[in-house]
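Here are the chains, one letter per residue:
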Amino acid sequence: MQGGTVAATTTGKRDKTHYLYIAVIVAVVLGIAVGFAAPGVAVELKPIGTGFVNLIKMMISPIIFCTIVLGIGSVRKAAKVGAVGGIALLYFTAMSMVALAIGLVVGNIIDPGTGLAVTDSVAATGHEQVDAEAKDTVEFLLGIIPTTFVSAFTGGEVLQTLLIALLSGFALQAMGDAGQPILRGVEHIQRLVFRVLAMIMWAAPVGAFGAIAAVTGSAGLDALKSLAVLMLGFYITCVLFVFLVLGALLRMVAGLNILTLFKYLGREFLLILSTSSSESALPRLIAKMEHLGISKPVVGITVPTGYSFNLDGTMIYMTMASLFVADAMGTPMSIGEQIPLLLFLFVASKGAAGVTGAGLATLAGGLQSHKPALVDGIGLIVGIDRFMSEARALTNFAGNAVATVLIGTWTKEIDRTRVDEVLSGRAPFDERTLLDDGHGGAAPEGAKVPLQKGGSEKEGAAV
């Protein structure tokens, strides 16, 4: 049977990638060992990790563009796309507020900053963080508009690419049959960029080694010991949010077990853990969510937008870090002072989306604008920020994965039969191409499969 042959071939190719991720795990362990044994050498390895992350980031814009254009261009009703975007933004706002509330409760319970001293050098370090690249809300909104059509791809701004892709998708939708040749061309480009990404992933062990070694070497044991309470409290809060809040939502709305979903996304979590960057897994999340059975428009709009607006881990971090700094400065804030500050940071975080070290930069800029006396205390957490950024990135990624499934369910743009097949392992993800022929990717030669899948149209004939 042809389908069985294709499945067997895909599985055989996929098995080879297990060695890659075993190598990533070994590289992470070696990186930590080098970081503790020779911190000076480890810090010099940082460019290796940065280079790997940059290789992945260069693929984000073309992947987002192709995904959204193919999704929207093949949808007959533009209203469906607007509904997906509206639901996504409402959900992102609600979950950000929930994350802030949970961080507020835990931060007030554990009282982590008491007893620490802020020296002159610590204060100077804190003020150095204020000149980060965070933008205010108006600058952020205007920054969504690229200077030119092409600059959206060269500037590395996800939301600019999203805007251009939306406009292009709607234009192709309005062109009707005349736009089909362009859609087929974009489809071939998508296959190319995913194949390039699959090639880049073979450098993951080297990138993971350099990134984790630099983080461990720069922080050191002393910083970890003195700030262990804050780190542990933050990690526990993120775990509670992910498994209690997101897990309950996923079970109630989609009827899925969050552990099963996370098992499917295990390699992406490993990649984020080793690079401290959720952006490193963005292209793979898009590919895997489409493979899972969620339609292209939902994936193409929810995932890129979520990376700027659905920052659950960052919300928790800013809440607990601001309370920590206030306690360490000997000026603990009352609830009446905490809530306005956190609402300000909630808005400010949208302007810092996509900025390297956005969590720390947003916190420093927010405190400078809202409560300048606390900026000195930012220096206390600079040493461990990279370790906390891993938890931020993992939580943000988990939130966006769950959000995509939930929004796909609410908009009826999810194939539940396909979901069951994928999560049970009967329909494995093709690690060789990162595309799933007939489900979110291009069809094999000779097969005719509609570009859109999910809700309103039936899928094409079996591969």
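Keep in mind that this is a model prediction, so the values were computed, not measured.

K.L.:
Explain the packing of helix H11 (residues 228-254) against helix H16 (residues 312-328) here, please?
P.N.:
Any two packed helices are characterised by how steeply their axes cross, that is the angle between the axes, and by the distance between the axes. It is at 10 Å that the axes of H11 and H16 come closest, and there the two elements cross at 145°. Seen along the crossing, H11 lies across H16 with a hand that is right-handed. Of H16, the residues touching H11 (which contributes Leu 230, Gly 233, Phe 234, Thr 237, Cys 238 and Phe 241) are Asp 312, Gly 313, Ile 316, Tyr 317, Met 320 and Phe 324. Here the residues of the contact of H11 with H16 are counted per class, giving eight nonpolar, three polar and one charged.

K.L.:
I'm lost on the UniProt feature "transmembrane region" (unreviewed entry) in the protein in this one. Help?
P.N.:
Taken from the UniProt record, the annotation "transmembrane region" (unreviewed entry) applies to residues 20-43, 55-75, 87-110, 149-172, 192-215, 227-250 and 341-364. Split by type, residues 87-110 is 100% helix and 0% strand. Its first and last C-alpha atoms lie 35 Å apart.

K.L.:
Honestly, the side chain of Thr 411 in this entry has me stumped. Any pointers?
P.N.:
Position of Thr 411 among the secondary structure elements: in the loop between helix H19 (385-410) and helix H20 (416-423). Owing to a relative accessible area of 18%, Thr 411 belongs among the buried residues under this scheme. Filtering out sequence-adjacent residues up to four positions away, Thr 411 remains in contact with Val 84, Ile 87 and Val 298.

K.L.:
I would appreciate a short explanation of the packing of helix H9 (residues 180-200) against helix H14 (residues 282-292) in the present structure.
P.N.:
For the pair H9 and H14, interaxial distance at closest approach is 11 Å and the crossing angle is 120°. Overall, the two elements H9 and H14 adopt an arrangement that is oblique. The crossing of H9 and H14 is left-handed. Counted together, Gln 190, Phe 194 and Leu 197 of H9 and Pro 283, Arg 284, Ala 287 and Glu 290 of H14 form the full contact between these two elements. Taken together, the residues that form the contact of H9 with H14 break down as four nonpolar, one polar and two charged.

K.L.:
I keep staring at the pattern of salt bridges and nothing clicks. Help me out?
P.N.:
One side chain can pair with another of opposite charge once the charged atoms of both are near each other. Counted under the stated rule, the structure contains three salt bridges. The salt bridge partner of Glu 268 is Arg 284, with a shortest N-O separation of 2.5 Å. Placement of Glu 268 in helix H13 (residues 266-275) and of Arg 284 in helix H14 is noted, with a sequence separation of 16 residues between them. Given the relative accessible area of 0%, Glu 268 is considered buried. Accessibility expressed as a relative area gives 2% for Arg 284, which makes it buried. When the shortest N-O distance is used, the salt bridge between Lys 296 and Glu 290 registers 3.2 Å. The network of salt bridges with common partners includes Glu 268, Arg 284 and Lys 288.

So, how was this worked out
- Residues numbered from 1 in each chain as written.
- Predicted model: local features only at pLDDT ≥ 70, side-chain atom pairs only at ≥ 80, totals over all residues.
- Heavy atoms only, no water.
- Axes fitted to C-alpha atoms, helices over the stretch in contact; angles between N-to-C directions.
- Helix = DSSP H or I, 4+ residues; strand = E, 2+ residues; numbered from the N terminus.
- Left-handed = near helix turned anticlockwise from the far one by under 90°.
- Contact = heavy atoms within 4.5 Å.
- Nonpolar A, V, L, I, M, F, W, Y, C, P; charged D, E, K, R; others polar.
- UniProt positions renumbered as here; feature names shortened; annotations may be inferred.
- Buried < 20%, exposed > 50% of the residue type's maximum accessible area, 1.4 Å probe, protein only.
- Parallel < 35°, antiparallel > 145°, perpendicular 65-115°, else oblique.
- Salt bridge = Lys/Arg side-chain N within 4 Å of Asp/Glu carboxyl O.

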